[in-house]
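The residues making up each chain are set out below.
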Amino acid sequence: MAERAARLSLLVALLVLGLKALAYALTGSVALLSDALESIVNVAAALLALFAIRLAQKPPDATHPFGHTKAEYFSAVLEGVLVVLAALLIAKEALPRLFHPVPLEGLGPGLLVSLLASSANGLLAYHLIRQGRLHRSPALVADGYHVLSDVLTSLGVLLGVGLAWLTGFWILDPLLALLVAGNILLMGFRLVRDSVGGLMDASLSPQEVARIQEVIARELEGKALEVHDLKTRKAGHRAFLEFHLVVPGETPVAEAHRLCDRLEKALEEEVPGLSVTIHVEPESERRG
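Computed from a prediction, not measured in an experiment: that's the story for all the values here.

Draft legend 1. The overall build of the protein, seen in detail. Of regular secondary structure, the protein possesses eight helices and three strands. In the protein, which comprises 288 residues, the proportion classed as buried is 47%.

Draft legend 2. Main features of the pairing of strand β2 (residues 238-247). Across the ten residues that make up β2, a large majority, eight, are buried. Bridge count between β2 and strand β3 (residues 274-282): nine bridges; the pairing is parallel. Looking across to β3, one finds that F243 is bridged to I278.

Draft legend 3. Molecular detail of helix α7 (residues 206-220). For α7, built from 15 residues, the straight-helix expectation of 21 Å at 1.5 Å per residue is met to within 8% by its first-to-last C-alpha distance of 21 Å. Within the span of α7, buried status applies to E208, V209, I212, V215, I216, E219 and L220. Here the buried residues of α7 occupy an arc of 120° about the axis, which is enough to place them on one side. Those residues of α7 that are exposed and aimed more than 90 degrees away from the buried face are P206, Q207, E214 and A217. Positive phi shows up at G222, right after α7, with a value of about 80°.

Draft legend 4. Structural detail: the environment of I90. As for its position among the elements, I90 is in helix α3 (residues 71-99). Through-space distance from the C-alpha of I90 to that of L33 is 8.3 Å; in sequence the pair is 57 residues apart. Not counting chain neighbours up to four residues away, the residues in contact with I90 comprise S34, T153, A177, A181 and I184.

Draft legend 5. The arrangement of the pattern of salt bridges in detail. Here the structure, examined in full by the defined rule, presents three salt bridges. Across the salt bridge formed by R211 and E270, the nearest N and O atoms sit 3.1 Å from each other. Placement of the pair is R211 in helix α7 and E270 in helix α8 (residues 253-270), with a sequence separation of 59 residues. On the accessibility criterion, R211 (31% relative accessible area) is partly exposed. Looking at E270, the relative accessible area reads 30%, which means it is partly exposed. Within the structure, one salt-bridge network assembled from shared partners comprises R218, E219 and R262.

Draft legend 6. Spatial organisation of helix α4 (residues 107-134). Taking 1.5 Å per residue as the helical rise, α4 with its 28 residues ought to reach 40 Å, and the 40 Å between its terminal C-alpha atoms agrees with that figure. Positioned one or two residues after α4, R136 has a phi angle of 55°, which is positive.

Draft legend 7. The arrangement of the side chain of N121 in detail. Locating N121 in the fold gives a position in helix α4. Aside from chain neighbours lying at most four places away, what touches N121 is V12, V16, K20, N42, V147, D150 and V151.

Draft legend 8. Examining a nonpolar patch on the surface more closely. A surface patch of nonpolar side chains, about 320 Å² in accessible area, is lined by L159, L163 and L166. Checked against the element boundaries, L163 lands in helix α5 (residues 138-167).

Draft legend 9. Focus on the side chain of E219. Relative to the assigned elements, E219 resides in helix α7. Here E219 falls in the buried class, since its relative accessible area comes to 12%. The residues contacting E219, other than those within four sequence positions of it, are L259, R262, L263 and A266.

Draft legend 10. Up close: the packing of α7 against α8. For the pair α7 and α8, the least separation of the axes is 10 Å and the interaxial angle reads 145°. Classified by chirality, the crossing of α8 by α7 is right-handed. Two secondary-structure elements touch here, α7 through R211, I212, V215, I216, R218, E219 and L220 and α8 through L259, R262, L263, A266, L267 and E270. Classifying every residue of the contact of α7 with α8 by side-chain character gives eight nonpolar, no polar and five charged.

Quick notes on the rules
- Residues numbered from 1 in each chain as written.
- Predicted model: local features only at pLDDT ≥ 70, side-chain atom pairs only at ≥ 80, totals over all residues.
- Heavy atoms only, no water.
- Helix = DSSP H or I, 4+ residues; strand = E, 2+ residues; numbered from the N terminus.
- Buried < 20%, exposed > 50% of the residue type's maximum accessible area, 1.4 Å probe, protein only.
- Pairing = 2+ DSSP bridges.
- Expected span 1.5 Å × (residues − 1).
- Arc of directions from axis to C-beta.
- Contact = heavy atoms within 4.5 Å.
- Salt bridge = Lys/Arg side-chain N within 4 Å of Asp/Glu carboxyl O.
- Patch = residues over 30% accessible without salt bridge, like charges linked within 9 Å, V, L, I, M, F, W, Y side chains within 5 Å.
- Areas by Shrake-Rupley, 256 points an atom, 1.4 Å probe, with all protein chains shown as cover.
- Axes fitted to C-alpha atoms, helices over the stretch in contact; angles between N-to-C directions.
- Left-handed = near helix turned anticlockwise from the far one by under 90°.
- Nonpolar A, V, L, I, M, F, W, Y, C, P; charged D, E, K, R; others polar.

Here you go:
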């Protein structure tokens, strides 16, 4: 499903790029040109996401025993960088027009084409973010927010160019483009920050850790003495959990093993994609 969503993202990105290039050709608006420039970045980002998702789905091998899931974070970081680059390109195109506004022509058809492209992008952004969260795919989520930034850009452009058309105040064209570029810049920095967190083995969210602790407490009631050194980390659509489980010293090995199997099954049902490692310790290791 994640790869299918990534292929859809690439197809829609190509379609939207064609529509926005047409909108610029009809109007000559620097804001619409900036919008089209960002769509070029969207196509590159969609290609990166598709490649990363395919690589992340490869099973573990001798040189990558924990799998290839972190490949998605590299894609997400690159997408964040591309979003920042798009914002800088928009600013580069808009600044000269800010000091030398230019009247625009053919705005009716151009704005209509741009609105059509934005509608397609809005639906795509919703689908990508939803599928990315469902399948725990950082690359899809990043691509979804990237597309969402394009939607915000387009709405700002449509508003600015529309107001300029109605009022003849043509400086609104580059001014709105610069404001939207600032918003895209912030979104790009957030994407990079979140993805770097994954590459640095950031823990699961407090909500997910709380759910894990609830499952452990429920499954171990009366069967173990203590759980400590609980650690989590995430890697793409997979998550990893390890902790130490203290059992009574007289507990047979087979019984401790059955308890661990039960725990692992319950935890993996609660958090899909979770890999669990449990270190069993005798009562003598209990922390006071």
